[in-house]
Amino acid sequence: MTTVNVLILVCLGYVVFLFAVAFAADRMAAAGRGKWLRSPLIYTLSLSIYCTAWTFYGAVGNAARSGLEFVTIYLGPTLVMVSWWWGLRKLVRVGRSQRVTSIADLLSSRYGKSNTLAVCVTILAVLGGTPYIALQLQSITLSFSIFAEADPSGLYREGSSVFWVAAGLAVFAILFGTRNLDVNERHHGVVTAIAVEAIVKLFALIAVGVFVVWGIAGGIGPMMERIDASEIGQWHVDAGRWTTFIFLSAAAFICLPRMFQVMVVENDDESHLRTAAWAFPLYLLLMSLFVVPIAVVGLDLLPEGANPDLFVLTVPLSQGNDWLAMLSFIGGFSSATSMVIVTAMALSTMVSNHVVMPIWLNTQEGTGSVSGDVRNIVLMARRVSIAVVMALGFFYYRLSGGGAALASIGLIAFAGISQILPALVGGLFWRGATRTGALVGLTVGFVLWIYTLLLPGMSGASMPESVLQNGLFGISWLRPQALFGIEGIDPMVHSVMWSLLLNTIAFCVASLLSFPSPLERLQGAQFVNVFDHSVAPRGWSGSVAQSEDLMIMTQRILGTGPAQEFFQAEAEKQGGRSHLPEPTPAFLGRLERELSGSVGTATAHAMIGQIVGGSSVSVEDLLAVADESAQLLEYSSQLEVKSSELSRTARQLREANAKLTQVSAQKDNFLSQVSHELRTPMTSIRAFSEIMRDTEGLSRDEQTRYATIIHDEALRLTRLLDDLLDLSVLENGQVNLNLGDDSLRSVLDRAVSSALAGAGRKISVRRARAAERIVLHTDLDRLGQVFINLISNAQKYCDADEPVLTISAYDVGGRVIIDFIDNGSGIPPGARSMVFEKFARVGGDKAGGAGLGLAICREIMQRLGGEISYLPGQGGAAFRVSLPLAHRQAAQ
Amino acid sequence: MSRKVLLIEDEPNIAEAIRFLLSREGWQVEIHGDGSDALEVIQGAQPDLVILDVMLPGKNGMDILRDLREMEELASLPVLMLTARGQSRDREMAENAGVSRFMTKPFSNAEVLTAVRDLHAQATQM
């Protein structure tokens, strides 16, 4: 008979062995060696923490009590692994790309980084996890007690030993779970130790199974006969319970914090899921293979009343096979310890990240910036959290007294943790899921779970009998195990059905009714479309490919030459054999700085993150990218404005240039015409003066005639110069108007007498003097100049036999209009538009003017605020002068 | 033999000055003041020499000269062109159009007389 003391020694030795394994694995990982540490096999074995002591011992017990129903606990995860591995892959991808540390963190991150939600999930996980830890402690205690019964002299004392077991596990979890604060939260030591434990427990269970089948029953044939003879062999499939249990175990497999820890957080490579998809169900199959034989043989061999949960131990013991019993004990111990360690780690991460740290940061708010000690604070928080979680488990065990059947505690915990499922699956696949929906659904499910399963299931005073019988407040349809009056269902099925159904409905309805915040929407898109956004994170083997991708990207941004130079320099700096540098953090940092010079910091960070995959594109990154893009947009719109300004300027310049060219041509033309007009009289003057000088014997008449010509031409010159100066002054706007008041009649009187004073053709002027009694306020001399010009033009150019000029005046709409119409042939239509241009003499007549008169008239009328125009269709030449009557203001 | 000069000039005072000068030299001077029918007048008058103004009513002196040079019987008629537009461009245009002599106003009487004598001498030598 194995003494308890030996057993304790073996246990201690086993724990030391586990310590050594974990330590070695951590060392290897830190040194960058040990590729096998990240093999799919290790990953698959680590998933076996699903099989706790509850499965190790409890499955046999369950089989002994309820027949084949225990299979459901294995079928759930198997179904998930085989048929839903793509969903798991999405979960793993999201977890990796968002650097998720726990399932609470995942939900919080998905629903707009809501800490409220994280706290809820944490509370739920701790509430569900504590009894589960207690369960493991109980299993260890029970298994010890089996040996202690046979050896009362040993060191074993129930109370103290549980305490020491709990403390020891806490130390293990603290040592290897919080050794360092890795960014990706991976713990190679713990995972490797768990894998070893997975092998140990499988080996132990199979060894017991083999012993039972071949050692006791005498081979497969007799064993099958025994099973057939036993009640266990009968299929009693309760559809409701089976469905519920399969569903529950499947949900728990995804939602349990410890499963999330090993499946998502500790995952090194997504592709490991492919292996696990067939290897883990195989593991479960092997684990369940001998459950029925052990149960059947145990029921046969052991006395009535023996605890079937301990058949795995008691069957070998009853046969005197101490070593096998010892092995079996170690297997159960392994199951319990691995579960407790990982659960403690997972829960402590949640508690420290979502409860302790926010509180601590709040208290630090007043004391300035958070210093670099945060790291130590986080580690401290984790360690304390582990201790607290273990203590909770310990106290739960002590308080509950360890009475309930192991399996029922496990199932209750499963049902509790499954409440996360709607929010989790909804968050992964439904963009419309909101934080409010998740919170409402979770609360509804949680409350219902407590009310219908947790409280009624606990013995004693946790719930008054009256409530159980008559419902809350005496309302019968609120009875915890018969909600809405639906009776006769298994309490477990009842609770799971109602809690999850109402949870899901509440989640969906509240999601539809509430509005997600922008951050939630962004995160929702990141989660639901995670495969569109992220590159599959690679393990170590992918590093060269990463460098190549980085190289390609860098070439696109910096250009081929500079990119190659940069990478070569980096590779040399690393002293590597490859022409590509390893993607070390230092190299990535330098690359990011290099790239950010070209594309901006946020974009560079996001781009490298996309390729390296380890760092996710955070919301801040995205916002920063959006910010940069916005700046670029604004810059480009500014450029657009500038370029349109430039093109406008260019157009204005072109127009100005065309105008200048035109002006220059006009000026050339003008000068040429001025030259002509000046040279013509000068020619006559010179010619005749030379004649008078050089010609002897000119007659008196000739002398007089030639002198007159010279005189007239000199006058013509003077007039021309006067006109030119006048025009120049008028055009430059330098004219000073000499305003005065007089009647139109007297202005016309003076103009007519002045125009007709000189020698010239006779023209009779007809006027309606009565209409001319209009008082004008204007520059009277300038207006007179216009009138004189028009009258002398008529005098000069009217080709009628008896020239008549009719001057008529009107007062129309605040303007005075004076028409000058003669009875000649008028101006030919083609020339009418030209008459007001300079030097635009119509016809060939030499009646004296240089052709500036009407141009001057037009300028004067403009200065006076009026206008002059040619009136077509009046028979003869007809000009209309109009100017405003109330010209007082405009003239000033 | 009487020498005939046709003066196409719209400024009466200039025309009178030239008539005075040339008639004293023994020229028979005919004056026409319009550009539009100048070619017909030249054809009808059959002068030994034409003095042509540029700025003429009806038809520009340059155009008259060009057309004149395209008429067989007038192609070699000596043409003295007088213009008050004193730009070098006008001289080029006139020479391209086939002018015999080009002078800008105001001219000295002696220059005009010399030019007329030279042109006539050249024409009679040929």
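As shown above, the structure is provided for reference.
Because the structure is a prediction, the values reported are computed rather than measured. (Residues numbered from 1 in each chain as written. Chains lettered and ligands numbered in written order. Predicted model: local features only at pLDDT ≥ 70, side-chain atom pairs only at ≥ 80, totals over all residues. Heavy atoms only, no water.)

Section: the overall build of chain A
No. 1: Looking only at helices and strands, one finds 34 helices and seven strands in chain A.
No. 2: In chain A, which comprises 892 residues, the proportion classed as buried is 52%.
No. 3: Restricting the contact set of chain A to residue pairs at least 6 apart, pairs at least 24 apart contribute 78%. (Helix = DSSP H or I, 4+ residues; strand = E, 2+ residues; numbered from the N terminus. Buried < 20%, exposed > 50% of the residue type's maximum accessible area, 1.4 Å probe, protein only. Contact = heavy atoms within 4.5 Å.)

Focus: a nonpolar patch on the surface
No. 1: A surface patch of nonpolar side chains, amounting to about 390 Å² of accessible area, comprises Val210, Trp214, Ile220 and Met224 of chain A.
No. 2: As for its placement among the helices and strands, Met224 of chain A is situated in helix H10 (residues 220-229). (Patch = residues over 30% accessible without salt bridge, like charges linked within 9 Å, V, L, I, M, F, W, Y side chains within 5 Å. Areas by Shrake-Rupley, 256 points an atom, 1.4 Å probe, with all protein chains shown as cover. Salt bridge = Lys/Arg side-chain N within 4 Å of Asp/Glu carboxyl O.)

A few points about the pattern of salt bridges
Side chains that differ in sign of charge can pair as their charged atoms come close.
No. 1: Throughout the structure, instances matching the rule amount to 19 salt bridges over all chains.
No. 2: We note a salt bridge from Lys105 of chain B to Asp53 of chain B, for which the minimum N-O separation is 3.0 Å. Taken together, the positions of Lys105 of chain B in the loop between strand S5 (101-104) and helix H5 (109-125) and Asp53 of chain B in strand S3 (residues 49-53) put the pair 52 residues apart, joining distant regions of the chain. Grouping residues by exposure puts Lys105 of chain B and Asp53 of chain B together as buried.
No. 3: It is possible to trace a salt-bridge network through shared partners that takes in Asp749, Arg767, Arg769 and Glu772 of chain A.

Here's the deal with the nonpolar core
A general tendency of soluble globular proteins is for nonpolar side chains to be buried together.
All names here are of chain A.
No. 1: Grouped together as the largest cluster of nonpolar side chains are 163 residues, with contacts concentrated most on Leu88 and Ile420.
No. 2: For this core, the element with the highest residue contribution is helix H9 (residues 188-217), accounting for 18 residues.
No. 3: Residue contacts for Ile420: discarding those within four places in its chain leaves Ile103, Leu107, Val121, Leu124, Cys255 and Leu442.
No. 4: One finds Ala831, Phe836, Leu852 and Ile868 within the second-largest nonpolar core, a separate group that totals 49 residues. (Core = buried A, V, L, I, M, F, W, Y, C linked by side-chain atoms within 4.5 Å.)

Re helix H13 (residues 272-289) of chain A
Residues and elements named next belong to chain A.
No. 1: Over its 18 residues, H13 runs 25 Å from end to end, which matches the ideal 26 Å to within 8%, given 1.5 Å per residue.
No. 2: The principal kink in H13, of about 30 degrees, is found at Trp278, preceding the proline Pro281 by one to four residues.
No. 3: Residues His272, Leu273, Ala276, Ala277, Ala279, Phe280, Pro281, Tyr283, Leu284, Met287 and Ser288 constitute the buried set of H13. (Expected span 1.5 Å × (residues − 1). Bend = angle between axes of the 7 residues up to and from the residue.)

Details of the environment of Phe172 of chain A
Residues and elements named next belong to chain A.
No. 1: Inspection of the secondary structure assignment puts Phe172 in helix H8 (residues 158-177).
No. 2: Judged by its relative accessible area of 4%, Phe172 falls in the buried class.
No. 3: Separated by 153 residues in sequence, Phe172 and Phe19 place their C-alpha atoms 7.5 Å apart.
No. 4: Look past the residues within four positions of Phe172 in its chain and what remains in contact with it is Leu18, Phe19, Ala22, Gly177, Ala193 and Ile341.

With respect to the sheet that holds S5 of chain B
Residues and elements named next belong to chain B.
No. 1: Ordered in space as S2-S1-S3-S4-S5, the five strands form an open sheet in which the pairing is parallel. A single partner strand is all that each edge strand has here, and the edge strands are strand S2 (27-32) and S5. Ignoring which end each strand starts from, the neighbouring axes of this sheet average 20 degrees apart.
No. 2: Pairing of strand S1 (residues 3-8) with S2 involves six bridges; the strand directions are parallel. When the bridges of S2 are listed, Ile8 appears paired with His32.
No. 3: Strands S1, S2, S3 and strand S4 (79-83) of the sheet are contacted by helix H1 (residues 12-24), whose axis makes an angle of about 165 degrees with S2.
No. 4: The sheet strands contacting helix H2 (residues 38-45) are S1, S2 and S3, and the helix crosses S1 at an angle near 170 degrees. (Pairing = 2+ DSSP bridges. Axes fitted to C-alpha atoms, helices over the stretch in contact; angles between N-to-C directions.)

A word on the environment of Glu677 of chain A
All names here are of chain A.
No. 1: Locating Glu677 in the fold gives a position in helix H29 (residues 619-694).
No. 2: Distance from Glu677 to Leu721, taken between C-alpha atoms, is 9.8 Å for residues 44 residues apart in sequence.
No. 3: Side-chain polar atoms of Glu677 contact the side chain of His676, separated by 3.4 Å. (Polar contact = N/O pair within 3.5 Å; in protein donor to acceptor, adjacent residues only side chain to side chain.)

Details of the sheet that holds strand S5 (residues 815-822) of chain A
Residue and element names in this part refer to chain A.
No. 1: Read from one edge of the open sheet, five strands run S2-S4-S5-S7-S6, paired in mixed fashion. Single-partner strands in this sheet number two, and they are strand S2 (764-767) and strand S6 (867-870). Each neighbouring strand pair of the sheet contributes to a mean axis angle of 20 degrees, computed without reference to strand direction.
No. 2: Where S5 meets strand S7 (residues 878-884), seven bridges bridge the pair, whose relative direction is antiparallel. Following the sheet pairing, Phe820 is matched in S7 by Phe879.
No. 3: Strands in contact with helix H31 (residues 744-755) are S2, strand S4 (804-812) and S5; relative to S2, the strand with the most contacts, it is inclined by about 175 degrees.

Brief notes about the environment of Val340 of chain A
All names here are of chain A.
No. 1: Note that Val340 resides in helix H16 (residues 322-364).
No. 2: What makes Val340 buried here is its relative accessible area of 0%.
No. 3: C-alpha separation for the pair Val340 and Gln136, spaced 204 residues apart in sequence, amounts to 7.1 Å.
No. 4: The residues touching Val340, leaving out its near neighbours within four places in the chain, are Ile133, Gln136, Leu169 and Met390.

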